[in-house]
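Letter by letter, the chains look like this.
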Amino acid sequence: MKIFIARLAGTPVFDPAGDQIGRVRDVVVAIAGTTPPRVHGLVVEVQPRRRVFLPITRVRGIEAGSVVFSGQINVRRFEQRATETLAIGEILDLEVEVEGQRMTVLDLAMEENRRAEWTITKVAVVKGGSGLGLRRRGPTRIVDWAEVKGFGAVQKDQGAANLLVAFETMRAADLASALHELPDKRRVEVAAALDDVRLANVLEELPERDQIGIMSRLSPGRAADVLEEMNPDDAADLLQDLPAEQAEALMALMEPEEAASVRRLLVYPEDTAGGIMTSEPVVLPPNATVAEALAHIRQRDVTPTVAAQVYVARQPIETPTGRYLGLAHFQRLLREPPSALLGGVMDTSIDPIRPEYTLNQVTSYLATYNLMAVPVVDEVGRLVGAVTVDDVLDHLLPDDWRERDHGPETDHD
């Protein structure tokens, strides 16, 4: 039975008891000339975002929607050996040669032989170079591994369209984790192939050095477009990590309104409420209805923590707003008639905080009142933003928390 590897990406992995322990993120193979590569095992991501190695000898079944293994899985972090290749991360989109024609790798098929060994036997290719994009040119061909030349070549621009197809259902945080594990060259290629919104979401989940590495390889215009799609607080954090001249040049290329939101955040120290707040909470005037408020927080691009409450302020309702009046919790909104006005259902018992509040003060405030977010107002009572609990967590955790592995590091068996 042929198993196409790209389709394995994201497949749940179950232990002998039937409990899901993680998801497949890649397949580890050993390439040696024209001989069909042996499959060493699977890279499985277990929580908390740790990649471990599952030897193929322990895999007892690969079916639609599941991988089942026997025995125990070693939870030590996966370390790729020099002789190994990641089938999804490093081979998809590779430009190869078949019968003298330039082809691009779309997928690989592995099969189990009579000796119970898994090898890569087939390669799915399409005519053309690596810059195909998601719209393929020409029919797909399935050829034997031995018919393909060029797997050992290092290519300047491999492209990433087909790898992204394999990863398209991943959440931004999971895709960021996958990117972090790729070689630097491949990481930049994949990031460059993402659209602006997807790349912005992924950048927000990447460690600082990965963010800088990717942004430095984008054209200034593209980098500015991506910054515009990021949450202003995340964009401000990224810009603070760049050289001042580069940061200023990028803000000059951004749309004035988007750049202004980021600049307002950059004036505050990083470890204060002003430095960690989002400048784009959901804000409505007191004469807006509950139905309007629910429609705003129902929007797909509003995160759960931001959608937890709607802030009520006088016009203008863009930050910095008119005078801040109160807030309406989403649970209260669900209990009120859709025609009710926000001015009549808002909570005025939660006092807003000032931008100069320290991180510890903000944390204590959220914990004391069991809040998902807290409004931030300036010296004249205008709403300038809101600090959400996820903003606080990002700054309470160590700077390298996205890169940390809480288990031991070692080579796999």
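Just above sits the structure.
Residues numbered from 1 in each chain as written. Predicted model: local features only at pLDDT ≥ 70, side-chain atom pairs only at ≥ 80, totals over all residues. Heavy atoms only, no water.

### Quick word on the overall build of the protein
- Helix and strand counts for the protein come out as 16 helices and 18 strands.
- Each of the three principal axes of the protein carries a C-alpha extent, and together these read 75 × 50 × 40 Å.
- Scored against the burial criterion, the 413 residues of the protein give a buried share of 51%.
- Carbon together with sulfur atoms contributes 49% to the accessible area of the protein, which is approximately 20,100 Å² in total.
- The protein carries 44 positive and 64 negative side-chain charges, and their two centres are separated by 7 Å. (Helix = DSSP H or I, 4+ residues; strand = E, 2+ residues; numbered from the N terminus. Buried < 20%, exposed > 50% of the residue type's maximum accessible area, 1.4 Å probe, protein only. Areas by Shrake-Rupley, 256 points an atom, 1.4 Å probe, with all protein chains shown as cover. Lys, Arg positive; Asp, Glu negative; His and termini not counted. Charge placed at Lys NZ, Arg CZ, Asp CG, Glu CD.)

### Describing helix α9 (residues 244–253)
- All of the buried residues in α9 are Ala247, Leu250 and Met251. For α9, the buried positions fall inside an angular range of 100 degrees around the axis, keeping them on one side. Turned more than 90 degrees away from the buried face of α9 sit Glu245 and Ala252, all of them exposed.
- Buried residues along α9 sit against α6 (208–217), α7 (220–229), α8 (232–241) and α10 (256–266). (Arc of directions from axis to C-beta. Contact = heavy atoms within 4.5 Å.)

### Looking at the side chain of aspartate 26
- By the element assignment, aspartate 26 lies in strand β3 (residues 20–32).
- Notably, aspartate 26 is buried but unbridged: the nearest opposite-charge side chain belongs to arginine 51, and the N-O separation is 5.4 Å.
- Here the side chain of aspartate 26 touches alanine 87 through a polar contact of 3.2 Å, landing on its backbone nitrogen.
- Engagement of the side chain of aspartate 26 in a polar contact is seen with the backbone nitrogen of isoleucine 88, the distance being 2.7 Å. (Salt bridge = Lys/Arg side-chain N within 4 Å of Asp/Glu carboxyl O. Polar contact = N/O pair within 3.5 Å; in protein donor to acceptor, adjacent residues only side chain to side chain.)

### Quick word on the side chain of aspartate 378
- The residue aspartate 378 is located in the loop between β17 (373–377) and β18 (383–388) in this model.
- By relative accessible area, which is 7% here, aspartate 378 ends up buried.
- A distance of 3.1 Å separates the side chain of aspartate 378 from the backbone nitrogen of valine 380, its partner in a polar contact.
- Not counting residues within four places of it along the chain, the set of residues in contact with aspartate 378 comprises Arg354, Pro355 and Val384.

### Overview of the pairing of strand β11 (residues 118–127)
- Counting buried positions along β11 gives eight out of ten residues, so the element sits mostly inside the fold.
- One ladder, built from nine bridges, connects strand β10 (residues 101–112) with β11; its direction is antiparallel. What sits directly across from threonine 104, in β11, is valine 126.
- In this antiparallel pair of consecutive strands, β10 and β11, the connection spans five residues, and alanine 116 shows a positive phi of 65 degrees.
- Here β11 runs beside strand β12 (residues 140–144); their pairing, made up of five bridges, is antiparallel. Following the sheet pairing, valine 125 is matched in β12 by arginine 141. (Pairing = 2+ DSSP bridges.)

### Considerations on the packing of aromatic side chains
- For the structure shown, the criterion picks out three aromatic pairs.
- Aromatic side chains phenylalanine 53 and phenylalanine 78 sit 6.1 Å apart centroid to centroid with 20 degrees between the ring planes, which places their arrangement in the stacked category. With phenylalanine 53 in strand β5 (residues 50–55) and phenylalanine 78 in the loop between β7 (66–69) and β8 (85–86), this residue pair connects regions lying 25 residues apart in the sequence. Each member of the pair, phenylalanine 53 as well as phenylalanine 78, is classed as buried. (Phe/Tyr/Trp six-rings, centres within 6.5 Å; stacked < 30°, edge-to-face > 60°.)

### Looking at the environment of phenylalanine 151
- Here phenylalanine 151 lies in the loop between β13 (148–149) and α2 (161–167).
- Spatially, the C-alpha atom of phenylalanine 151 lies 8.2 Å from that of glutamate 95, the residues being 56 residues apart in sequence.

### Side note on the packing of α9 against α10
- Put simply, α9 and α10 touch, their axes get as near as 9 Å, and they point 145 degrees apart. Between α9 and α10, the contacting residues are Glu248, Met251 and Ala252 on the first element and Ala259, Val262, Arg263 and Leu266 on the second.
- Taken together, the residues of the contact of α9 with α10 sort by class into five nonpolar, no polar and two charged. (Axes fitted to C-alpha atoms, helices over the stretch in contact; angles between N-to-C directions. Nonpolar A, V, L, I, M, F, W, Y, C, P; charged D, E, K, R; others polar.)

### Re a nonpolar patch on the surface
- A cluster of nonpolar residues, Leu393, Leu396 and Leu397, forms a patch on the protein surface that exposes about 250 Å² of accessible area.
- The topology assignment puts leucine 397 in the segment after α16 (389–396). (Patch = residues over 30% accessible without salt bridge, like charges linked within 9 Å, V, L, I, M, F, W, Y side chains within 5 Å.)

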